[in-house]
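Coordinates in review
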Amino acid sequence: MTVTTANPEILSELDRPNSYIGKSVPRPNLDRLMQGRGLYVSDIELPRMAHVAFLRSPHAHARIVAIDATAAVALPGVIAVVSGKDLASVITPWVGVLSHLKGLKSAPQHAIAIERACWQGEAVAAIVASSRALAEDAMEMVSVEYEQLPAVTDMRTALDAQTPVIHPLLGDNLAFERSLDVGAVDAAFADADEVVEADFIFGRHTGVTLEPRSVVADWNEGEKRLTIYQGTQAPHMVQNIAALHLGLEDSQVRVICKDVGGSFGIKVHIYADEMATYALSKLLRRPIKFVADRVESFNTDIHARDHRCKGRVGVKRDGSIVTFEIDDLTGIGPYSMYPRTSAIEANQIVNLVGGPYLTKNYRAHARVVFQNKNVMCQYRAVGHPIACSITEGLVDLAAAKIGMDPVEIRRRNLIPDHAYPCTSPSGLRFELLSHHAAMNKLVTMMNYEELRAEQEALREKNIHRGIGIASFIEVTNPSAAFYGVGGARISSQDGVAVRLDAQGAVICQTSITEQGQGSESLTAQIVGSVLGVSMERVRVILGDTDNTPYGGGTWASRGAGIGGEAALQAAKVLRKNILDVAAAILQSSPDELDIANDAVVNASDGSSRIELRELARIVYFRPDTLPPGIQPELMATRHFVPREYPFAFTNGVQASWLEVDTDTGFVKLLRHWVVEDCGTIVNPQLVDEQIRGGVVQGLGAALFEKCIYDERGQLTNANMADYLVPMSGEMPDIDVAHVVSPTAETELGAKGAGEAGTAGAAAAVANAVNDALRPFGAIITEIPLTPRVILTALRKI
């Protein structure tokens, strides 16, 4: 793999012999974490800290008639039992809407339910005590009288006239609707030689982070200031929202995000119980800790991907795809999540279906409905796995219909690599993608023709293996077009401050955050490369609104592309400042100098002139020895936000090789391949492992993961015994390769890679299963592909 940069002007800065760009260097935080010295929210202990446990509704929909906490408050060690009405005096409700999603509506949501609980698991009271165990004991002594109300649990009937309206003030259960009709769809279908239709069903699932959601809120009455310790992806967003709803200024709220045990988008949202914890600290004037247990996580962490979608594709006998059409339906729970809303996923599906392909004829309809289940919102690769599964599923079905090889039909329809920039039917602007180069590399990697021959030979032995292909596009580096344009105070910029300290080391403060993907490492690699200093001399500080520049944080695969570019620009300025000072000290010209190996050197031959340690000593302690008029500035801050393109799209292709046991319905994953193009690669190992991790989550959705609700709105598998996640023994080898097409909007040229693996994995597996079952005439368009689903399709149960 060859890593190139987008702008030749910085080749000397990033591609020098001692550059860390494109190298798999160890993470700076690796030793600390491997020694068990990480600092998570659960580890934080503060003086006078109390613990909160939330009493949650056992019903999917119920009126709260009365709450009797007499016995609970009498228990020694119980500090308070707080209802929604009590807390409403401290914190205001919120509504999860964005103005650019026309027609999106939602009811006001409170930190603790008032009058009604709208899903099983919604908090109806908070019990604050000296320990979590005591709070849970006291919780059992709180008596709540409920009046059960009809629950809306089936998205397919949510809009029927006879279905109760969850929030009467909204008029109906429709949260959002979008229609798109581009080109001549009806004429294209009429002109098609074949039209293929399918109903796609996707199982609702959730992130299952290793560390549950956790928060410590510490209101200091003397300072009139709230400090929030939280595992979050977006500290400045949390700061703004906490201040807004607690009646504070942003400057009165500090958010500290230390180590985070996984997030996957789960921890980028604002949850009611977290808001309640902030408010309880302010109300009780003491630190309050909340750590969700696993059952709470299943019932309150956002769910995602609960969709039913009808899809159609028109194709000519020569393989030309002439049109796509979809009709998508999703149920999001009783509220639209705040502040990113629960309509983005459906909106993304409308935008992304058919995205890799040439056809300009496209019709889409999406409806988002309320129901009495846990809320749904953005989770890793928002909307991409669904859009990819629909698109690639239809493409495979079309290929089978006309008797064409799945790779060949894609080659005839994928947008040519020379056709950029271009725009999709839904209005997405593509700067530079590489579908054909990626496909060619994939076919070579997997020995496609040999696998086809092996597949045919094994079928003669009643062994049924399948090959599944899935091309995909991925949204990365989002600009203000994602949230800011809709009125959400979610920053699309990121900022980095870099300074040379008094011993010649580099301190870097960045607004991006770290949840395990390597933000600290990539920042240090970029800064170290530009400044010519060793990574061991670069310290990265992140996750503290008092000590980092303002920025959006880490989500939507933006850390390297936006935060990395800010780091590069800040380091460039600091580098210039250092060379200006060095030139004055050495009576030279900045153009004659460079920085390498922690020293200022001659640009011509690399010979050392002055170590950075000595330069820093002079600047900080003996500035009187500098020439007149020289005022060194050994600190620089820069922000970056994309402006030319709303998003930096990446692309790739995945393939799955698997075996289906047609007697048991079990699927054995044999091999998985990914070819991905994320532009300039800062750390190949981190990128590859991000992709592999994303693939594993996609395989979980394809085969195992589903939140199962009954007709009463009860989540029946809210535990790790019944909710299945992929285990290492079930995972195949995952081979990763790259094509490199840097974005020209930044000097670094990096796009995102964090969601690419998830985007196409489920589609590849589903296509592979259908390929394996083709001799039986079975077609499955539902995930997860459980043994029951497969055996049902085979008419064996």
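Here we summarise the structure given alongside this text.

Bringing the overall build of the chain into the picture now. Broken down by element type, the chain carries 20 helices and 31 strands. Against the globule reference of 28 Å for 797 residues, the chain gives a C-alpha radius of gyration of 28 Å, in line with a compact fold. Its C-alpha atoms give the chain principal-axis dimensions of about 85 × 75 × 45 Å. Excluding contacts between residues fewer than 6 apart, the proportion of contacts in the chain whose partners are at least 24 apart in sequence is 80%. Of the accessible surface of the chain, which amounts to about 28,900 Å², a share of 50% is contributed by carbon and sulfur atoms. Once the 73 positive and 94 negative side-chain charges of the chain are each reduced to a mean point, those two points are 1 Å apart.

Each aromatic ring pair is characterised by the separation of its centres together with the angle its planes make. Throughout the structure, instances matching the rule amount to 10 aromatic pairs. Here the basic side chain of Arg429 rests over the ring of Tyr645, its NZ or CZ set 4.4 Å away from the ring centre. The ring centre of Trp555 lies 4.8 Å from the NZ or CZ of Arg558, which sits over that ring.

Right, let's get into the sheet that holds strand 25 (residues 599–602). Pairing between the strands of a sheet comes from backbone hydrogen bonds, and it takes one of two forms, parallel or antiparallel. Strand order across the open sheet formed by three strands is 24-25-26, with antiparallel pairing between neighbours. The outermost strands of the open sheet, each flanked by one partner alone, are strand 24 (593–596) and strand 26 (608–611). For this sheet, the mean angle separating the axes of adjacent strands, direction not counted, is 30 degrees. Against the sheet, helix 16 (residues 559–586) makes contact with strand 24, strand 25 and strand 26, and its axis sits at roughly 120 degrees relative to strand 24, the strand it touches most.

Take the state of the cysteines next. Under the definition given, this model contains zero disulfides. The cysteine Cys257 is free of any disulfide, with Cys508 supplying the nearest cysteine sulfur at 16 Å. According to the relative accessible area criterion, Cys257 is buried, its value standing at 3%. Lacking any disulfide linkage, Cys422 is separated from the closest cysteine sulfur, that of Cys388, by 18 Å.

Another point: the pattern of salt bridges. This structure, assessed with the given rule, holds 47 salt bridges. Close ionic contact of Glu147 with Arg63 constitutes a salt bridge, the shortest N to O distance being 3.3 Å. Note that Glu147 is positioned in strand 6 (residues 143–148) and Arg63 in strand 2 (residues 62–68), a separation of 84 residues in sequence. When its relative accessible area of 38% is taken as the criterion, Glu147 is described as partly exposed. In this structure, the salt-bridge partner of Arg459 is Glu456, at a minimum N-O distance of 3.3 Å. With Arg459 and Glu456 both in helix 14 (residues 448–459) and three residues apart, this pair spans about one turn of that helix. Because the salt bridges share partners, they merge into one network encompassing Arg56, Arg132, Glu136, Arg213, Asp273, Glu274, Asp293, Glu296 and Asp301.

Moving on, we get to the sheet that holds strand 6. A sheet is described by the order of its strands in space; here three strands give the open sequence 4-2-6, paired in antiparallel fashion. The strands lining the two open edges of the sheet, one partner per strand, are strand 4 (116–117) and strand 6. Inspection of the sheet shows strand 2 paired to strand 6 by six bridges, in the antiparallel sense. Bridge pairing links Ile67 to Val144 in strand 6.

When you line up the elements, Glu565 lands in helix 16. Of the side chains with opposite charge, Lys572 comes closest to the buried, unpaired Glu565, at an N-O distance of 7.1 Å. A polar contact of 2.8 Å, which involves the side chain of Glu565, links it to the side chain of Gln569. Among the polar contacts listed, one links the side chain of Glu565 to the backbone nitrogen of Leu748, at a separation of 3.0 Å.

Let us now look at the nonpolar core. Tyr278, Ile469 and Val769 are the most contacted members of the largest nonpolar core, which has 171 residues in total. For this core, the leading source of residues is helix 11 (residues 384–402), giving nine residues. Residue contacts for Tyr278: discarding those within four places in its chain leaves Val215, Ala217, Leu226, Ile228, Gln230, Val238, Ala242 and Leu246. With 48 residues, the next largest nonpolar core counts Leu568, Ile578, Ala582 and Ala636 among its residues.

With that settled, the discussion passes to the pairing of strand 20 (residues 464–474). For a regular strand, side-chain orientation follows a simple rule: the groups alternate between the two sheet faces. Burial runs high along strand 20: 11 of the 11 residues are buried. Residues His464, Gly466, Gly468, Ala470, Phe472 and Glu474 of strand 20 are buried on one face, and the alternating residues Arg465, Ile467, Ile469, Ser471 and Ile473, pointing to the opposite face, are buried as well. With 11 bridges connecting them, strand 20 and strand 28 (residues 650–660) associate as antiparallel partners. The residue bridging Ala470 from the neighbouring strand is Gln654, located in strand 28.

Next up on the list: the environment of Leu283. Counting through the fold element by element, Leu283 comes out in helix 8 (residues 272–284). A relative accessible area of 34% places Leu283 in the partly exposed class. Leu283 sits 192 residues away from Ile91 along the chain, and the two C-alpha atoms are 9.5 Å apart. If we ignore the near neighbours within four places in the chain, the residues touching Leu283 are Val82, Leu87 and Val90.

Glancing now at helix 15 (residues 519–531). Compared with an ideal rise of 1.5 Å per residue, which puts 13 residues at 18 Å, helix 15 spans 18 Å between its outermost C-alpha atoms and is within 8% of the ideal. Along helix 15, 13 of the 13 residues are buried, which leaves the element largely enclosed by surrounding structure. In the stretch just after helix 15, Gly532 is the one whose phi turns positive, near 70 degrees.

Definitions and limits used
Residues numbered from 1 in each chain as written. Predicted model: local features only at pLDDT ≥ 70, side-chain atom pairs only at ≥ 80, totals over all residues. Heavy atoms only, no water. Helix = DSSP H or I, 4+ residues; strand = E, 2+ residues; numbered from the N terminus. Rg over C-alpha atoms; globule rule 2.2 N^0.38 Å. Contact = heavy atoms within 4.5 Å. Areas by Shrake-Rupley, 256 points an atom, 1.4 Å probe, with all protein chains shown as cover. Lys, Arg positive; Asp, Glu negative; His and termini not counted. Charge placed at Lys NZ, Arg CZ, Asp CG, Glu CD. Phe/Tyr/Trp six-rings, centres within 6.5 Å; stacked < 30°, edge-to-face > 60°. Lys NZ or Arg CZ within 6 Å of the ring centre and 35° of its normal. Pairing = 2+ DSSP bridges. Axes fitted to C-alpha atoms, helices over the stretch in contact; angles between N-to-C directions. Disulfide = S-S within 2.5 Å. Buried < 20%, exposed > 50% of the residue type's maximum accessible area, 1.4 Å probe, protein only. Salt bridge = Lys/Arg side-chain N within 4 Å of Asp/Glu carboxyl O. Polar contact = N/O pair within 3.5 Å; in protein donor to acceptor, adjacent residues only side chain to side chain. Core = buried A, V, L, I, M, F, W, Y, C linked by side-chain atoms within 4.5 Å. Expected span 1.5 Å × (residues − 1).

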